[in-house]
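Listed below are the residues making up each chain.
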Amino acid sequence: MGRKMSEKRWLPAVTAFFVVSLVVSNIIAVKLIVAGPFFLPAAILIFPVSYIFGDILTEVYGYSTARRVIWIGFGCNLLAVFIFWLSIVLPAAPFWRLGGFESATASQQAYQAIFGATPRILVASFLAYLLGEFLNSFVLARLKVKTQGRHLWMRTIGSTVIGQLADSSAFIFLAFFGTVPLGVLAIMIGSQWLMKSVYEALITPLTYLAVNFLKRAEGEDFYDRRTNFNPLRWRD
């Protein structure tokens, strides 16, 4: 049996890192960066971290706890999007200047370009997030039982490869289908999936350190042998 939620001292911190990595990634995703031959959203810097913390949550606390945190992240991101939208629609002060912009109108346009997002992009982002995170957590939980807790590296990388493929495919397809040639869509999906998966593989030693520390500190190492994997449930 796992420990009670109130006894999980480090769970709030892990949840906070998970949520922050998710919200920040959505803010900085508007910028495209160059990474060798790839053109990627700046969110590649931190979005994969949410999968790493998703792995940690499932490995240490179990799927049910990870499921609640995934929904908490979804709610926090939804709140952030609403606040961004509200701050955009509120009238700007006539004397407001953003950075080097010369007028309130120009400042408002720049602000909206950063914090505004089209409904299609938002829907694609939310759906891809839920699909990828839940698939990642489910695969990791099932592999842990199958391997009897061995080969953590294989389980974290394997679950991320599957989850990130689902996330990248769903987001790129839903956000850009009909506006970008299919060949380009495939390249975009493949490059994002590859970079995120490589990110997970490179960070595996840190994942080991975090998992081992939390298992000792919390006295927790949950196995999802009788778990209901319905993503819509809140309680066990």
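This text goes with the structure placed above it.
Here the structure is a predicted model, which is why all the values come from computation and not from measurement.

Colleague: I tried to follow helix α8 (residues 204-218) on my own but got confused; where do I start?
Modeller: Along an α-helix, residues three or four apart share an orientation, since each turn contains 3.6 residues. When the terminal C-alpha atoms of α8 are compared, their 21 Å separation across 15 residues agrees well with the 21 Å that a helix rising 1.5 Å per residue should span. Buried within α8 we find T204, T207, V211, L214, K215 and E218. One face of α8 carries all of its buried residues, which in axial projection span an arc of 100 degrees. Turned more than 90 degrees off the buried face of α8, the exposed positions are P205, L206, L209 and R216. Tucked inside the fold, the buried residues of α8 contact α1 (11-28), α2 (47-61), α5 (119-146), α6 (152-176) and α7 (182-202). One or two positions beyond α8, positive phi appears at G219, with a value near 60 degrees.

Colleague: Just to check I follow, could you spell out the layout of surface pockets for this structure?
Modeller: A probe matching the size of a water molecule, rolled over the atoms, marks out where space remains unfilled. A volume near 1000 Å³ is recorded for the largest pocket. Going through the elements one at a time, α1, β2 (38-41), α3 (63-89), α4 (104-115), α5, α6 and α7 are the ones with two or more residues in the lining of the largest pocket. Of the residues that constitute the lining of the largest pocket, the class distribution is 31 nonpolar, 10 polar and two charged.

Colleague: I tried to follow the side chain of E59 on my own but got confused; where do I start?
Modeller: Relative to the elements of secondary structure, E59 occurs in helix α2. Here the side chain of E59 touches K215 through a polar contact of 2.7 Å, side chain to side chain. Discounting residues that sit within four places of it in the chain, E59 has contacts with L140, K144, L152, R155, V211, K215, D221 and F222.

Colleague: Hey, could you run me through the packing of aromatic side chains in this one?
Modeller: Here a ring pair, both rings aromatic, is described through the centre-centre distance and the interplanar angle of the planes. Per the stated rule, a full pass over the model turns up 14 aromatic pairs. For the ring pair F47 and Y51, a centre distance of 5.7 Å and an interplane angle of 65 degrees mean the geometry is edge-to-face. A residue pair is termed a helical-turn pair when its members lie 3 or 4 positions apart in one helix, as F47 and Y51 do in helix α2 at four residues. Taking relative accessible area as the criterion, F47 reaches 8% and is therefore assigned buried. A residue is classified by how much of its surface remains accessible, and Y51, at 0% relative accessible area, is buried. One aromatic cluster is present, built from ring pairs that chain together W71, F74, F126 and F134. Taking NZ or CZ as reference, K144 lies 4.6 Å from the ring centre of Y223, over its face.

Colleague: Help me out: how do you make sense of a nonpolar patch on the surface in this one?
Modeller: A cluster of nonpolar residues, L79, F82, I83, W85, L86, V89 and L90, forms a patch on the protein surface that exposes about 670 Å² of accessible area. Within the fold, L86 resides in helix α3. Classification of L86 by relative accessible area gives partly exposed; the value is 32%.

Colleague: Please clarify how the packing of α2 against α5 should be interpreted in this entry.
Modeller: For any two helices packed against each other, one specifies the inter-axial angle together with the distance between the axes. Direction vectors running N to C along α2 and α5 enclose 40 degrees, while the axes themselves pass 9 Å from each other. Here α2 lies oblique to α5, going by the angle between them. In the packing of α2 onto α5, the handedness of the crossing is right-handed. Contacts between α2 and α5 pair S50, Y51, G54, D55, T58 and E59 from the former with G132, E133, N136, S137, L140, A141 and K144 from the latter. Here the residues of the contact of α2 with α5 sort into three nonpolar, six polar and four charged.

Criteria and cut-off values
Residues numbered from 1 in each chain as written. Predicted model: local features only at pLDDT ≥ 70, side-chain atom pairs only at ≥ 80, totals over all residues. Heavy atoms only, no water. Helix = DSSP H or I, 4+ residues; strand = E, 2+ residues; numbered from the N terminus. Expected span 1.5 Å × (residues − 1). Buried < 20%, exposed > 50% of the residue type's maximum accessible area, 1.4 Å probe, protein only. Arc of directions from axis to C-beta. Contact = heavy atoms within 4.5 Å. 1 Å grid on protein atoms, 1.4 Å probe; cavity = no way out; pocket = protein on both sides within 12 Å on 5 of 7 lines; lining within 4 Å. Points joined across faces, edges and corners; volume = space filled by probe spheres on them. Nonpolar A, V, L, I, M, F, W, Y, C, P; charged D, E, K, R; others polar. Polar contact = N/O pair within 3.5 Å; in protein donor to acceptor, adjacent residues only side chain to side chain. Phe/Tyr/Trp six-rings, centres within 6.5 Å; stacked < 30°, edge-to-face > 60°. Lys NZ or Arg CZ within 6 Å of the ring centre and 35° of its normal. Patch = residues over 30% accessible without salt bridge, like charges linked within 9 Å, V, L, I, M, F, W, Y side chains within 5 Å. Areas by Shrake-Rupley, 256 points an atom, 1.4 Å probe, with all protein chains shown as cover. Salt bridge = Lys/Arg side-chain N within 4 Å of Asp/Glu carboxyl O. Axes fitted to C-alpha atoms, helices over the stretch in contact; angles between N-to-C directions. Parallel < 35°, antiparallel > 145°, perpendicular 65-115°, else oblique. Left-handed = near helix turned anticlockwise from the far one by under 90°.

The analysis is restricted to geometry; functional conclusions fall outside its scope.
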